[in-house]
Structure formats: structure tokens, C-alpha cells
Amino acid sequence: MTDFFPASRDEILNWDGEDAEFLFKLNSHGIFPAPLENAEDFRQRLLKEYAYVQKISDEAVKKNSKIILWQTSNGSDKIEVRSDAVIDRELFEPAFEITRNLYDFAIDYVPGFYLFEKVGLLWGGCSIYDDETEMKVFLLRPAFKNKKRFLIYDRTELIAHELCHCARQVIHDHDIEEYFAYQTSRSLLRKYIGNCFTKEFDALLFLLPALLLPIAQTVKSFVWAPLPLLPFWIFLAGVLGFFLFRNQKCRNTINKARKNLQKISGNPEAVLFRSTLGELKKLNVSFDEYFNSLSPMRKKIIGKYLK
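The following paragraphs examine the structure supplied in this document.

**Structural notes on the overall build of the protein chain**
For the protein chain, the count of helices and strands is 13 helices and seven strands. If you line up the protein chain on its principal axes, its C-alpha atoms span 75 × 55 × 35 Å. Looking at the protein chain as a whole, 47% of its 307 residues are labelled buried. Residue pairs at least 24 apart in sequence account for 63% of intrachain contacts in the protein chain once pairs closer than 6 positions are excluded. Total accessible area computed for the protein chain in this model is approximately 15700 Å², and 58% of it derives from carbon and sulfur atoms.

**Concerning the pattern of salt bridges**
This model, assessed by the stated rule, comprises 20 salt bridges. For Arg 43, the salt bridge is made with Glu 40, and the minimal N-O distance between the two is 3.1 Å. A residue pair is termed a helical-turn pair when its members lie 3 or 4 positions apart in one helix, as Arg 43 and Glu 40 do in helix α3 (residues 39-60) at three residues. The exposure class of Glu 40 is partly exposed, given its relative accessible area of 39%. Overlapping salt bridges, with partners in common, bring together Arg 149, Asp 154, Glu 157, Arg 186 and Arg 190 in one network.

**Thoughts on the packing of helix α4 (residues 89-103) against helix α5 (residues 155-168)**
The N-to-C vectors of α4 and α5 enclose an angle of 55 degrees; their axes lie 8 Å apart at closest approach. Here α5 runs oblique to α4, going by the angle between their axes. Relative to α5, α4 is oriented so that their crossing is right-handed. Between α4 and α5, the contacting residues are Leu 91, Phe 92, Pro 94, Ala 95, Phe 96, Ile 98, Thr 99 and Tyr 103 on the first element and Arg 155, Thr 156, Ile 159, Ala 160, Leu 163 and Cys 164 on the second.

**A look at the state of the cysteines**
Under the counting rule described, the total for this entry stands at zero disulfides. Here Cys 126 is not cross-linked by a disulfide; its sulfur's nearest cysteine counterpart is in Cys 166, at 9.4 Å. Cysteine Cys 164 shares no disulfide, and the gap to the nearest cysteine sulfur, in Cys 166, comes to 9.3 Å.

**As for the side chain of Thr 99**
Considering the arrangement of structural elements, one finds Thr 99 in helix α4. At a separation of 2.8 Å, a polar atom in the side chain of Thr 99 contacts the main-chain carbonyl oxygen of Phe 105. Excluding its chain neighbours within four sequence positions, the residues that come into contact with Thr 99 are Asp 104, Phe 105, Ala 106, Ala 160 and Cys 164.

**Focus: the sheet that holds strand β5 (residues 135-140)**
With mixed pairing, the three strands of this open sheet are ordered in space as β3-β5-β4. A single partner strand is all that each edge strand has here, and the edge strands are β3 (112-114) and β4 (125-130). The average angle at which neighbouring strand axes cross in this sheet is 25 degrees, direction not considered.

**So, the packing of aromatic side chains**
Scanning the entire structure with this criterion turns up 20 aromatic pairs. Ring geometry for Phe 5 and Tyr 109: centres 5.1 Å apart, planes at 80 degrees, overall edge-to-face. You can see Phe 5 sitting in the segment before α1 (9-14) and its partner Tyr 109 sitting in the loop between α4 and β3, a full 104 residues away along the chain. Residue Phe 5 is classed as buried on the basis of its relative accessible area of 6%. Among the aromatic residues, those joined into a cluster by ring pairs are Phe 32, Tyr 103, Phe 105, Tyr 179, Phe 180 and Phe 273. The ring of Phe 116 has Arg 82 sitting right over it, with the charged end atom 4.1 Å from the ring centre. The cationic tip of Arg 168 hangs over the ring face of Phe 273; the distance from NZ or CZ to the ring centre is 5.9 Å.

The rules we used
- Residues numbered from 1 in each chain as written.
- Predicted model: local features only at pLDDT ≥ 70, side-chain atom pairs only at ≥ 80, totals over all residues.
- Heavy atoms only, no water.
- Helix = DSSP H or I, 4+ residues; strand = E, 2+ residues; numbered from the N terminus.
- Buried < 20%, exposed > 50% of the residue type's maximum accessible area, 1.4 Å probe, protein only.
- Contact = heavy atoms within 4.5 Å.
- Areas by Shrake-Rupley, 256 points an atom, 1.4 Å probe, with all protein chains shown as cover.
- Salt bridge = Lys/Arg side-chain N within 4 Å of Asp/Glu carboxyl O.
- Axes fitted to C-alpha atoms, helices over the stretch in contact; angles between N-to-C directions.
- Parallel < 35°, antiparallel > 145°, perpendicular 65-115°, else oblique.
- Left-handed = near helix turned anticlockwise from the far one by under 90°.
- Disulfide = S-S within 2.5 Å.
- Polar contact = N/O pair within 3.5 Å; in protein donor to acceptor, adjacent residues only side chain to side chain.
- Pairing = 2+ DSSP bridges.
- Phe/Tyr/Trp six-rings, centres within 6.5 Å; stacked < 30°, edge-to-face > 60°.
- Lys NZ or Arg CZ within 6 Å of the ring centre and 35° of its normal.

Worth remembering: the numbers are spatial, not functional.
Below, the structure is given as C-alpha cells:
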């Protein structure tokens, strides 16, 4: 299985809440304080993550068994995998190189499994997490066990993408979440449009005009010839324009923040990755306003990347 948690239970319990080296070690594994988290909140989150990874690691060594990764309190719904479906560490290494080079972290402790249960044709993999249990798990289509590509998916890019989500999950900042994940792609187009869909119903909003247009064309051809198609094209163009405008607005904020950071940071991308959109807007006013808004622990982490 992947490496175990980057800190022992005793280290977590004995941490004084101030030791920066402890924070730096965890930071390199993609674990950093949330925006409003104090030292004790951070400790309790670490203990939960440690316990979860320990539990899954213990169950993964049992032969011919099932591992329940997550389930509802009444057990009516659950995510279950086979204990022999652990993803080999070697498959993660190229993705670790990408996230290290981009954002200075490698989440090498998150359990990863192939999901052999029936999945959708276009599904390649995903990361799942739960705030209550601090569960973080990576799931991958079994086809990737021996193949680097499946349909439109590249295995390394997919893993790196989802590991970015695992790291930023604690920030709860959906506005620019996909931006950072899609920077792991080699495709310039994906890098640019990746953050277009940021809300839960964005995909449905996009599909609505995309589906209405061919329906309207069918109605015009076979039912009612006078039906005008221009309003449907305008609707589609308007929705696309909205997504592109929102995406560019976020990109402008990030790009301006990057430009400001380049003057004072040796690794601007690492700072951007660990910040919320609201914090980056403050950074674009002044670095002092941004830095002073951070908690003491986050100041230590961000300070690590300053010249």
C-alpha cells in the first residue's frame, strides 16, 4: 500500500502547536492548516486522518476480504472495495513528481484502490473524502492497472489531478478548486477551461441548452417548420459565455496574485495553491493585507515560500 501517515500518533499528541518543522513536514505531504483552523483543531484533524489511514492499512493486508471505505450511520449506503485491489505505489510516483514540481507536495499516504464494481463508461477515477471522519481515498478504474491511457484519460494526469483535490479539500474553496487540479494536465486547453465548472449544478446548466438545440432542430425539421432556432443558439452562447467569463475572472485574480508573488516568493504556485480566492483578492490589494489575514500556523507555511 502507499506510505503510512507522515506523522506518528505520539508526534501529533506531543506537538506543542508552535513547532514549524512539524508543520513543514506535513505540508510536504499535502497536509496544511485550513483557513480558520487553530492548533488544537488541526491536531484533532490529524488524529482522525491518522486513525482512518491506520484502519484502512490494517484491513488492506487481510486476504480475500472487503474494506468498507465509508458508510452512512445506518449502513444503508456505503463504498466498498476488495482488499486485493490496492494500487501499487509505482503508479503514483509520476503523479507525485508533477505535484511536487507544481505545488511542493506529494500525498503519499492516501489509500488508493481499483474499483472493480460496475462504473460508468466514461468514469476514470476520483478522490473521495468525508469531513466527519477525515477520510481521503483515491479510486481508479481497473483498466489503468496495465494501461497508461483509457479513452480521454491519462493515468498520471488523472492521479495528480485528484491528489490536488485531496490536498485542497480542507480549504473548501470551490471557486478555484478545479483551476489548480487542471494545471497538472499537459493540454493547454484543459488548463484554461478546467475551472469553468465549479458549482454543483454547472454541468446541468451547460447540458440544458446543449440538449435543447438539437431537440429544437428536430422539431423544426419534422413538426413545426416556422420554429426559430436563433433563441436556442443565443441561449447556448449565453451559457457558454457565462462560464468563460467566470473562469477568466478567476484566472485574472490568480494571475495578478502570481505576478505580485513573483517579487517576494521563490515558489508562487505553492502559495497560490494554499490560498483561497478571497485571500488572493486581498493579496492583489497588498501582501500585508493578505498575510495579516492568515492564522499563525498558515503564516508559518506561507512564510516558508517567501524570499
